[in-house]
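# Geometric and topological summary
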Amino acid sequence: MVMKKHSLSKKLFLQAKKAIPGGVNSPVRAFRAVGGNPLFIKKAKGSRIYDADGNSYIDYVLSWGPMILGHAHPRVVSALKKATEKGTSYGAPTALEVELAERVLKIYPSMDKVRMVNSGTEATMSAIRVARGFTGRDKVIKFEGCYHGHADGLLVKAGSGATTFGVPDSPGVPKSYAQNTITLPYNDIPALRRMVEKEWKKIACVIIEPVVGNIGCVLPKPGFLETVRNVTRKHGIVLIFDEVMTGFRVSFGGAQAYYGITPDMTCLGKVIGGGLPVGAYGGRKEIMALVSPEGPVYQAGTLSGNPLAMTAGIETIKELSRPGVYQSMEKRSAMLEEGLKEAATRAGVKTRFYRAGSMFCTYFIDGDVHDYSTAKKADVGKFSRFFSGMLERGINLAPSQFEAGFMSLAHTEKDIDATIDAAYETIKKI
Ligand SMILES: *Cc1c(COP(=O)(O)O)cnc(C)c1O
């Protein structure tokens with residue numbers, strides 16, 4: 001194997017570190033968890049991403065989830081070109097916003113109304129504000145390892161970035177904020193029941209990743225989401241499904257359609273922006289009626305619902321609405337699953353593979369992963385060697401054991417075969 005050259009990426013990283021904290025605009029991009037320097041990307045097309053040194057990789061990061069159609073999808077690119085010529089933001093309502101909202105509501109019938117924002121962080125932060133306004137209560141229950149963006153009060157035991165860097169509670173978050181956040185182990189029904197029975201009068205909402213993508217890929221145990229739904233309903237607690245990652249991923253209708261659970265509020269992001277910055281939150285009409293200017297709970301955004309983001313979102317959803325799209329993605333995801341599991345077995349290395357729709361994770365572990373503490377037992381040394389070996393062989397994975405991988409519509413069977421071969425060769429030498 002000829003080692004790939006990364007000299008331009010290295011040079012850019014040195015330069016970046018002088019101008020940008022840690023050289024990156026979002027921490028996990030920096031490769032701290034796996035060692036080495038991040039690749040600087042020049043372009044991407046379909047299932048492939050190209051770095052500054054001209055190397056090409058089959059990409060399973062997909063901008064951390066959004067690029068479900070593959071990079072630079074012709075339909076999205078051509079719609080964006082046309083939209084750009086008409087002006088990129090007006091700060092006034094457009095038909096495009098109505099179209100995207102109507103499409104989202106149709107696919108996510110748990111929501112009667114939806115508000116567009118610019119990121120997943122904004123969506124969860126705003127949803128919680130509305131839930132507090134609706135219930136007149138302050139406390140929030142979240143689960144260990146679930147990441148809901150970087151708003152104060154949600155940065156408590158918050159998944160990959162925090163896990164990777166070992167700072168679950170970030171400096172700069174006032175104690176008084178964190179005090180309103182109750183953290184419980186994921187998949188632990190008795191712990192949830194105990195807490196809700198005791199504190200329900202103070203609890204505004206439960207926010208949850210219905211499949212936890214921010215400590216790899218942790219699936220809900222049978223009955224867990226149902227219990228979360230039942231106890232919140234019983235006590236007038238707003239149930240918020242944070243589907244920023246799982247939306248359009250686990251299925252077209254997200255995890256809520258897949259598991260058949262109806263939350264009171266839903267947060268979306270990633271895929272609905274089609275690669276542009278978008279988030280959205282919505283829910284039942286009596287809850288969303290509180291949102292300004294219909295109601296008193298304030299939330300605003302200069303670029304919210306801008307025509308470029310709406311266009312990318314609409315075109316992405318249209319493409320995903322075509323018949324057979326999810327079946328074909330399922331087929332390819334299952335192929336990858338089988339191949340990776342088989343490669344690890346053949347190489348004689350213990351792993352656990354979890355998948356929900358087109359998101360997945362291989363843990364280097366001998367034992368089940370069902371929450372934050374079991375995920376943390378994974379062998380991060382082995383993962384780092386796996387990551388580096390895969391990168392050398394032209395496969396781009398997220399640079400942390402505690403991140404999900406993603407499949408796109410652009411990944412071919414040939415891509416998948418190449419990935420499985422690379423995985424076997426890598427794991428064998430791990
Ligand atoms: C990515 C993510 C967020 C944050 O979204 P940003 O657009 O990065 O602010 C929130 N919740 C979940 C579940 C996510 O995966």
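Let me begin by describing the structure that accompanies this report. (Residues numbered from 1 in each chain as written. Predicted model: local features only at pLDDT ≥ 70, side-chain atom pairs only at ≥ 80, totals over all residues. Heavy atoms only, no water.)

What surrounds the ligand is the set Ser 119, Gly 120, Thr 121, Tyr 147, His 148, Gly 149, Glu 209, Asn 214, Asp 242, Val 244, Met 245 and Lys 270. A distance of 3.2 Å separates an oxygen atom of the ligand from a polar side-chain atom of Asn 214. Here an oxygen atom of the ligand sits 2.6 Å away from a polar atom, N or O, in the side chain of Lys 270. Burial of the ligand by the surrounding chains reaches 83%, relative to a free accessible area of 380 Å². In terms of residue class, the shell around the ligand is made up of three nonpolar, six polar and three charged. (Near = heavy atom within 4 Å. Polar contact = N/O pair within 3.5 Å; in protein donor to acceptor, adjacent residues only side chain to side chain. Areas by Shrake-Rupley, 256 points an atom, 1.4 Å probe, with all protein chains shown as cover. Nonpolar A, V, L, I, M, F, W, Y, C, P; charged D, E, K, R; others polar.)

So, about the sheet that holds strand E12 (residues 359-363). Across the sheet, which stays open at both edges, the three strands sit in the order E11-E12-E14 with antiparallel pairing between neighbours. The open sheet terminates on both sides in strands that have one partner only, identified here as strand E11 (352-356) and strand E14 (405-406). In the packing of helix H12 (residues 325-347) onto the sheet, contacts are made with E11 and E12, and the angle to E11 comes to roughly 175°. (Pairing = 2+ DSSP bridges. Helix = DSSP H or I, 4+ residues; strand = E, 2+ residues; numbered from the N terminus. Contact = heavy atoms within 4.5 Å. Axes fitted to C-alpha atoms, helices over the stretch in contact; angles between N-to-C directions.)

Counting 61 residues, the largest nonpolar core has Tyr 60, Phe 248, Leu 320 and Phe 386 as the members making the most contacts within it. Those elements that provide at least two residues to this core are strand E3 (56-59), helix H2 (74-85), helix H3 (95-107), strand E4 (113-117), helix H11 (307-320), H12, helix H14 (380-392) and helix H15 (413-428). Sort the elements by how many residues they give to this core and H12 lands first, with eight residues. In this structure, this core is formed jointly by two domains, domain 1 (7-72 + 323-427) and domain 2 (74-320), each of which donates at least three residues. Sequence-distant contacts of Phe 248, that is, excluding residues within four places in its chain, are made with Ile 68, Ile 107, Tyr 108, Gly 254, Leu 268, Val 271, Ile 272, Ile 317, Leu 320 and Tyr 326. One finds Leu 62, Val 218, Leu 225 and Ala 378 within the second-largest nonpolar core, a separate group that totals 42 residues. (Core = buried A, V, L, I, M, F, W, Y, C linked by side-chain atoms within 4.5 Å. Buried < 20%, exposed > 50% of the residue type's maximum accessible area, 1.4 Å probe, protein only. Domains from an automatic or database assignment.)

Glancing now at the packing of H3 against H11. Here H3 crosses H11 at 40°, and the two axes come no closer than 9 Å. Seen from above, H3 lies across H11 with left-handed handedness. Facing H3, whose interface residues are Leu 96, Glu 97, Glu 99, Leu 100, Arg 103, Val 104 and Ile 107, H11 presents Pro 307, Met 310, Thr 311, Gly 313, Ile 314, Ile 317 and Lys 318. Broken down by class, the residue content of the contact of H3 with H11 amounts to eight nonpolar, two polar and four charged. (Left-handed = near helix turned anticlockwise from the far one by under 90°.)

Attention now moves to the pattern of salt bridges. Applying the stated rule across the entire model yields 20 salt bridges. We note a salt bridge from Glu 99 to Arg 103, for which the minimum N-O separation is 3.1 Å. With Glu 99 and Arg 103 both in helix H3 and four residues apart, this pair spans about one turn of that helix. In this structure, Lys 202 engages Glu 199 in a salt bridge whose closest nitrogen and oxygen atoms are separated by 3.3 Å. For Lys 202, a relative accessible area of 47% translates into the label partly exposed. (Salt bridge = Lys/Arg side-chain N within 4 Å of Asp/Glu carboxyl O.)

Let us look at the sheet that holds strand E2 (residues 48-51). If you trace the four strands from one edge of the open sheet to the other, you get E1-E2-E3-E13, paired in mixed fashion. Edge positions in the open sheet fall to strand E1 (41-45) and strand E13 (395-396), since each of these has one partner strand only. Relative to E2, E1 runs antiparallel, the two being bridged by four bridges. By the bridge assignment for E2, Ala 44 is matched with Ile 49.

Taking 1.5 Å of rise per residue, the 12 residues of H2 would be expected to cover 16 Å, and the 17 Å separating its terminal C-alpha atoms lies within 8% of that figure. Within H2, the full set of buried residues consists of Val 76, Ala 79, Leu 80 and Ala 83. Burial along H2 is one-sided: seen end-on, the buried residues are contained in an arc of 105°. Facing away from the buried side of H2 by more than 90 degrees, the exposed set consists of Pro 74, Lys 81, Lys 82 and Glu 85. (Expected span 1.5 Å × (residues − 1). Arc of directions from axis to C-beta.)

This paragraph deals with the packing of aromatic side chains. Under the counting rule described, the total for this entry stands at 15 aromatic pairs. Ring geometry for Tyr 60 against Phe 360: centres 6.2 Å apart, planes inclined by 75°, an arrangement best described as edge-to-face. Within this pair, whereas Tyr 60 is found in the loop between E3 and H2, its partner Phe 360 is found in strand E12, the two being separated by 300 residues in sequence. Pairing Phe 252 with Tyr 326 gives two aromatic rings, centres 5.5 Å apart and planes at 50°, and the pair type is tilted. With Phe 252 in the loop between strand E8 (238-242) and helix H9 (254-259) and Tyr 326 in helix H12, the pair connects residues that are 74 residues apart, well separated along the chain. A relative accessible area of 17% places Tyr 326 in the buried class. Cluster of aromatic residues (ring-pair linked, three or more members): Phe 31, Phe 364, Phe 383, Phe 386 and Phe 387. The ring of Tyr 50 has Lys 43 sitting right over it, with the charged end atom 4.9 Å from the ring centre. A cation sits over an aromatic face here: Arg 346 above Tyr 424, 4.0 Å from the ring centre. (Phe/Tyr/Trp six-rings, centres within 6.5 Å; stacked < 30°, edge-to-face > 60°. Lys NZ or Arg CZ within 6 Å of the ring centre and 35° of its normal.)

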